[in-house]
Structure formats: structure tokens, C-alpha cells
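Summary of structural features
Listed below are the residues making up each chain.
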Amino acid sequence: MNPSCSIWRSTIILLLNFSIQRRPLLPAGCLRFKELGHLTVEPAPLFLIGSNLTVYCHVKSCHHRFKISLELNGETVKDWKEVNCRTVMFSLTNVRTPQSIVLCKLKSPNLSNIVNGLDLHGGLPPEKPESITCETTRASGAIDCSWKSGPETYLSKTYNVSVYGENGTRIHLDQVQDAEKIAIPRGIVDKNTVYQLVITAFNHFGASQSDPFSLCVQDIVIPDTPHIAHIEFVNGPIAAVLQWTTNDSSVNLIPHVRLCTPNGPWEEREETELSKGLIRVDDLRPLTEYEFQIRTCNSSAGLMPGSTSGKTRFCSKWSPSVTGTSPGIGPSQQLHVWRMFSSRRMVIVFWKPPPPEDHSGEVQEYKIFLANDQKEEVTCPATLSQWSVHVPAEGQAVSISAVTSYGSTPPADVPLRHSGVSGPVLGELAPAANGSAVLVSWSWPGTKQWPTSGGEPLHYVVEWMRVPGTELQWQMLDEKQNSTSITGLTAGVRYNISVYAVTTGGVSAPSSGLVYSKEQKPASGPNLSALVHEAGRMLIMWDELPVDQRRGFITNYTLYVQTLEHSNTVSMRVMLSGSGPRQMWLDCPEGALALRLTASTSAGEGPQGRRITSQPAAAEAGLVIAVVFIITLFVSIIANLMCWSCVRERMKQMCISCGPGCLVENLPKPENSNAIRLLKQQDRREPLFLSTDSDPLLSSITLISWEERDDVYPSIHVEVSQPGLGQPTPETPVQASDTGTMLVDRQLEHGSYKPQIAMLASKCEEVKETEEEPRDIPANGEEDIFSSVIGGFLGGLQTSVEVDFSDSPLSLSSVGGLLWPKTPETIDVLSRGFTVGMRATESAVQADCPSLELHQGDVPTPDMADRCLSQNAAGPTLAGGYFPQVAAVCSITLCDAQR
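Residues numbered from 1 in each chain as written. Predicted model: local features only at pLDDT ≥ 70, side-chain atom pairs only at ≥ 80, totals over all residues. Heavy atoms only, no water.

1. Structural notes on the side chain of Ser149
One can find Ser149 in the loop between strand 11 (142-148) and strand 12 (158-164). Given the relative accessible area of 7%, Ser149 is considered buried. A distance of 3.3 Å separates a polar atom in the side chain of Ser149 from a polar atom in the side chain of Tyr159. Of the polar contacts made by the side chain of Ser149, one reaches the side chain of Glu180; its length is 2.6 Å. Leaving out residues up to four positions away in the same chain, Ser149 has contacts with Glu127, Lys128, Pro129, Lys157, Tyr159 and Glu180. (Helix = DSSP H or I, 4+ residues; strand = E, 2+ residues; numbered from the N terminus. Buried < 20%, exposed > 50% of the residue type's maximum accessible area, 1.4 Å probe, protein only. Polar contact = N/O pair within 3.5 Å; in protein donor to acceptor, adjacent residues only side chain to side chain. Contact = heavy atoms within 4.5 Å.)

This is how it looks when you write it as C-alpha cells:
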């Protein structure tokens, strides 16, 4: 039995048993299960492939709750028949599997047990052996014969090898199992006798016999097997020199070599025999491990007797293998070099790395030689492919060489001179369909031959550069080529392509052209400007798009004209030439216009440019005049408003109300007190307006009775003028009993005496003197009086006192220590609750006096005071205690009457 089949059978049994019983797997030798029955096979477990088999499963006892089933290689057999309660028959049709396993099982809904198992072996009968060969050497004591047995039989085979003499008698019989070669002793046969060799193969299913093979020792002798004694590798190109030996003394032996690389097939190579026992094998790769074998053949050998192929020669067996690794090689080709002049004496030299198949190892560095004798050199790193050098002398040579670990390339001269001839004619630049390549072609003008004046041809150079851009790309081509394909280009980018012819006389002039590998729509619109705009026409000009924004060749421009009155519609659309002048007169609609411009390529129209607006010159002048008129009118209104006093007053009040209260609060001034002024008059001294004393010493206050008041406060005579007449009436003393009662209420803040109201007796004289001076009083004379009073009283000593005559049109107001008549209103003193009320009798004359309300910083005019005092028919009388400020009121009245 085949061992592999047994292992496979045991593995399947283990897996099936584990899947059914759900028990741990045991080693193959430790498998234990309880046999519940046995299996039988008809015709036999060893069967011919393709036969029909019948398998019987027998159990030891009847199991009515269980069902007997059979599995063939894990699949349940469906063709079955129950013989009795302990035996079931299963039919297997056309079994083609050489190795199979059948298992009989007892199954219930919840349980499955293995009854037993059996191996089935299938096979085929052997075919007759073919391709019989026999050979021996001169010194060998055996004849080696081999054959081919034919297709696989899946069973073990036995070969009987028989040797028959000339009379048909078998002189030798040998047997070998599962082998296709045998060694026959050379001593049983004669050297010059022809024998018959017959090989019979047989197994369980039959036997097969080969055709007779004629065996003659003299015809099957081959050379002895040679041996490789030594291997040596040589460079440029790499080759292997083999030294071999053999025990055969024949001088007509021809060696043959075969080689292979690791994991590669054997390959016979042509060899060159250098001398006896020394051959050379060429065309080897560098740094590669090789395995060599050698054999020898007779030079006069013909076909081997009995050979069916007719190609077998009398050759020795292949020698044992010998391995060796080929060395690396240095580059043998010159570098591809080019140059570009950055200035008159500065040259940028370019080079391409040597091809990998031309050298071994890595490039270590590049050397640039600047002189013909190659003594002056520059070393560049291996990562660079260009270098800037200074060429001081005319005609100085520059050459470049690559240095590797196994050698250097031959120096390649950089062409610096100009040949003086025109370059090749550049053909049409044809972009490829994929948009990343361009086909370039060229030719010589009039003929395909090189011009003799330019020297002998060397090669072509095609270079290309992005526009705009500074990175140069190039490739060198053979002189026999007239076209190439440039790959790796970007769509929408302009390239400048040039072709040069390099000869022994120098470099020709370039033939250049611009191309896009694939055109796209422009990325932006051109800038447009209107130079002149007249009625019905205008002069426009536009700028060229930057090259990187064009993304193709501009075929035309499109101008969109739009009237401002109809902003949603385009009035006209004008096509402009893409190659013509960028300035033109355009017939356009009347009125203000909006214009936009687009650029188009073969790929389509790009976006619109910046929108501009324009209108005829006359309309622009009218617009300017209208704007100037509106501005002038506005400035005039503002200037007139600033001249009105009420506007200024309102602005002043707004400024005061917006500011903090501490800035406008009027603090009481002690020097404005009438009591202090009376004391100073008694001392016959001038009032100290600049005194910084808070409150000088006062004399004692004496309360007088009502009867004694006339002695202290004399009657006030007021001269009253009749309405409509300019003559005053005689002075009439005004008594308190006649005119009514004047009530003076004095409210002292915090219960203390506050002599803040200034005495106006002296102020009356100052006002009178001011009125006598000749001057012009403007309509709003408050400013002059206010400035004079402020200047006279040190700019800020102001006190506000209001006297209210509810029944009389006479009212008094004090500003800066001066009392003036005022319309009947309640007058507050420094907002401190000090109020003086004065009432006249109901019979008093009601004069038509305009009300003059004075605020902080305002001073009434004398005219207003005169009119108000003259219209009052009776003067007020004072009552109710000590009130020295009323005397000042009387004084003002007398002064006014005198005036």
C-alpha cells in the first residue's frame, strides 16, 4: 500500500469522527472506537478505475430507532437498499477516484455513530515501456539502461528486464520495482555480439511488454564523464573561462556547456575552445550566480543504434555542477550631455545617468573636465544632473564622465561651438490623444542629407521648456532618427520645443515651436478699458492674458455690451480677432454701458473678465455739475444755519446738556453779597472782586418793625411812559400800601444765611456808563454785552436771581451781580431753593413788555431793561424782614428813571 494513501485515509477518518462525536482528536496510532459492525465490497476493495461497486454495511444488532447510512469521501450515498434490519446495500457507480474511503453510520435525529470504515483502491493496468536507451563507458563494468513506463497506473509496478542471445535463449533476468532504470553487468555479454533486451511491466490488473531493443556493447560506449576543475570570470563583456578534465584518452572529444541561474532552467551555451581542456562562455550578466555543467561528445559519432528520435549523439553524461558569481562591470558607453548658455562665459552643462544595463553597482560621482588635457576637473555628487561652469577661453573643451564602483565611463564632450548652419526644419507638433505627449518630427530643408559645411553628423538634441518656466528638459537622439515622442507633459501648459543638429563642426541653430499637449479653456478673462466714449461709439483696449492663464492658443475674444438701464439683458455681443490689434473703435448703444470681455481657445470660451462701466463725456460733465451744485447748496444751508443765533443757542444748550453737571454748575461767590458791598462802601474802599475770602465778617442784623421800614428802605419812584408816547410821566412814589404787598420768601439751604445775590447799585452805574458809549448793537447784542460783562467781572463770577411778579409784568433778573427787568416768571437762585416772590396789586398797569429769559452766561440789553421798567406803572414794595438785595432793585429803577 502506498504510505501517502494510508496517511490520507487516517486523516479523513479522524476528521469525520471528530465532527460527528465532537470529541478531541487523537493521534493516528491512538484512534479508538467501538466497532458496531463491518463492511464488504463487491467485487473487491481493489478495483479497476471506472468500475461499479456494491458496498454492504452489516451491524451486529437491529436498531429500529437508527438509520444505516454510507458516506463516500464525506458525501452520503443516496442509492441504497435495505436487505434486513442489520444489513443495507449501497451502489457506487463508475468510481473514478483512485483512493476513496467509505464509512457506515448509524444515525438518529440526535445522535450519529460510526459502524466501521473501509479503504477503496482503484488502478489501471500498465502500458508497455518505451524509449529504451543503454550506454556504458570504456572503463565501466556495467551497462546502464533506462526507459519510460507510460501513463500513471496509481498502483505499484514491477519491471522484469530480460536479455536474450542470438539464438533466443534468455541469458539474464533482473527485476526492479517502481523504477525506470537498471544496471546490467557488462561481463555477461560479448563486446561484438548483438543481444535483445525486453522489459515487461505488470501490476494487479495486468502486464505489458516492450518492443525488443538491440543491444551491442561496441555501439553503446560513450566518453567518460568530465569534471570542471576551475572557473574564472573576465570583464568587458563578462565571460567565464572553464578548465575541465576527463579520464578518456580520446583526442576527438568536443566539450559542451550548459548553465543556469538559481531557480532557472538549464540553458546550453555556445562555447569557444581556447585550448585543450580550456573553454570560454560569453554574454554573462554581471553580479549573477551561475551553475555550470560540461559533457564531451565524439566528433565522429553518429546516431545511436535503436534511437527512435534520431538526434541522440554519443556524448558523455553531464559533469557535476560547479557554481560561481560573475563580477560587476564598469560603464562602457559615453554619457548623453547637453548645455545651455546662461551668459557669455557661464554654461550650464546637463547629463543623463548611464543606463543600468551598461554598468554594475551605483554611480558614485561625476567628473567635469574643463581643459583638453583633463587636468582641471570639478567633482559633482551623484544626485545631480547639471552644473554651472565658467568657460574662460574661446574654444575650451568641457567633458563629463561618470564614476562607478567598477569603473568610469569614457569622457563625453559637451558641444560648445556653433556650426553656423541653420537647424533642421521642424514639422508639425502633434499632441497625442491622451493629452500628456507630443509627437515631434523634423527634416533638412530640400534634402534629407546633412550639409557638408556643418561637419560630420553626430546626433540630434530635442529640448523643451514650460512657458513660463526655467527648467530645461532634453533628450539626445541618433542621427538616423527624424522624430520622437515627448511624454510626461501637463495639459493646459504651453511648451517651447526646439531641435538642434550636433555635428563635428558644432551645434546648429535651433528650430523652435510652441505647443500644448492638450488645450483647455482660459482660466480668466482679459482686462478691458474704455479710452474714449462718445455718443454712439467708443474706443476700447484690452490686455493680453498671462501665458499661464491662457491654457491654449487664443482663437478669438468676445465682447459683451450691456446698457445700465437694462442691467439683466445683453445689448450686443461682438466677436473680436484673437490675433489682431488689441484696440478698436466700437459702435455701441447710447447712454451708460457695462462691458465684459472673454477669451476663447479651441477647448471653449473662458470666464468673463472684470466688468467696467462707461458713459458718454457729455453725460459725465452734467453729472459733475449736478454734484457740485448739490454740494454748494448743502454748504450754503449749513453756513446760514450757523449764523442764526437760535441755532447757536440750541447747539450750545445741547453741548451743555450732554456734558457733566460739574462743568456748568454756578458756585456761590461771597464777593457778590450786597451785605459785603455795603460794608465796603462804609469803609470807603473799592470792592475786592479778586478777593479769595470765602465770606468776610458781617455786622449784626437788626430786625425792624413794619412801621420803621420806610426809614430804612425809602420809596422808589418810577417814571412810566404811556404806550405810544415817548414822554415819561412824573415820578410817583410807590408805597407798599398802594401798590400791594411784595412778598419776599427767603429759603436758606441748610438753615444758613446765603448772601449770594450781588448788589446792583454799583452795577447800575457801570451799565449806564456802558450805554452812554457810542457803539453799534447788532441784532443779537447779547454777545457783546456778555463778553464785556464777563471781562469786567473776571469772566465767571455769575449769579442767577429770578424775581417773579405774578400780577405785574415787571420781573428782575440778575446775571453776574446785575438785576434786569424780566417778564413774570419764577426766578431760581443757583438752584438752591432760594426764591424771591414779588407780587403787584391787581390794579397795576399791565404793560406789554416782551419776556426775556436769561440763562447762565446771558446778559440782557439796556434797551430791554428800559422798555420793561417804563411800562410798569407802579414799582414793587418789599416786606417781610431783612432783605438788603431789594435796595439794589430800587437803585436800578431810579437809575433807569433818570435815564
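This is not the end of the story, as more comes after the structure.
2. Structural notes on the packing of aromatic side chains
A full pass over the atoms with the stated rule returns seven aromatic pairs. Taking 6.1 Å as the distance between ring centres and 40° as the angle between the ring planes, the aromatic pair formed by Tyr290 and Phe292 counts as tilted. Residue Phe292 is classed as buried on the basis of its relative accessible area, which comes to 0%. A cation over a ring is seen here: Arg339 above Trp338, with NZ or CZ 4.5 Å from the ring centre. (Phe/Tyr/Trp six-rings, centres within 6.5 Å; stacked < 30°, edge-to-face > 60°. Lys NZ or Arg CZ within 6 Å of the ring centre and 35° of its normal.)

3. What to know about the pattern of salt bridges
A full pass over the atoms with the stated rule returns eleven salt bridges. Notably, a salt bridge pairs Arg550 with Glu544, separated by 3.4 Å at the nearest N-O pair. Counted as one network, the salt bridges with shared partners bring together Glu71, Lys105 and Lys107. (Salt bridge = Lys/Arg side-chain N within 4 Å of Asp/Glu carboxyl O.)

4. Looking at the environment of Phe341
Structurally, the position occupied by Phe341 is in strand 27 (residues 337-341). With 48 residues separating them in the primary sequence, Phe341 and Val389 have C-alpha atoms 10.0 Å apart. Setting aside chain neighbours within four positions, we find Phe341 in contact with Met346, Val347, Leu416 and His418.

5. A short note on the sheet that holds strand 24 (residues 278-281)
Taken in spatial order, the four strands line up as 19-20-24-23 in an open sheet, and their pairing is antiparallel. If you trace the sheet from one side to the other, it starts and ends with strand 19 (227-234) and strand 23 (271-275), each paired once. Between one strand axis and the next, the sheet turns through 25° on average, direction left out of account. (Pairing = 2+ DSSP bridges. Axes fitted to C-alpha atoms, helices over the stretch in contact; angles between N-to-C directions.)

6. Thoughts on the pairing of strand 25 (residues 289-298)
With seven of ten residues buried, strand 25 is to be regarded as a mostly interior element. Alignment of strand 21 (residues 253-260) against strand 25, held across eight bridges, turns out to be antiparallel. Looking across to strand 25, one finds that Leu259 is bridged to Phe292. Summarising the sheet, strand 25 and strand 26 (residues 322-325) pair through four bridges and their orientation is antiparallel. Its bridge partner being in strand 26, Tyr290 is matched across the sheet by Gly324.

7. Digging into the sheet that holds strand 18 (residues 221-222)
Pairing between the strands of a sheet is mediated by backbone hydrogen bonds and can be parallel or antiparallel. Pairing is mixed in the open sheet, where four strands are placed in the order 14-11-10-18. Two strands lie at the open edges of the sheet, namely strand 14 (181-185) and strand 18, each paired on one side alone.

8. Quick word on the environment of Phe202
Along the chain, Phe202 turns up in strand 15 (residues 194-203). For the pair formed by Phe202 and Gln177, sequence separation is 25 residues and the distance between their alpha carbons is 9.8 Å. Apart from the residues within four sequence positions on either side, Phe202 is in contact with Pro126, Ser156, Lys157, Thr158, Asn160, Gln175 and Ala207.

9. Section: the state of the cysteines
Linking two cysteines covalently via their sulfur atoms produces the bond known as a disulfide. Under the defined criterion, the tally for this structure stands at four disulfides. Here Cys134 is linked by a disulfide to Cys145, with a sulfur-sulfur distance of 2.0 Å. Taking the sign of the torsion about the S-S bond as the criterion, the disulfide between Cys134 and Cys145, at about 115°, is right-handed. In this pair, Cys134 sits in strand 10 (residues 130-137) while Cys145 sits in strand 11, placing the two residues eleven residues apart along the sequence. Side by side, Cys134 and Cys145 carry an identical accessibility label, which is buried. Linked covalently through their sulfurs, Cys297 and Cys315 form a disulfide whose S-S length is 1.6 Å. (Disulfide = S-S within 2.5 Å.)

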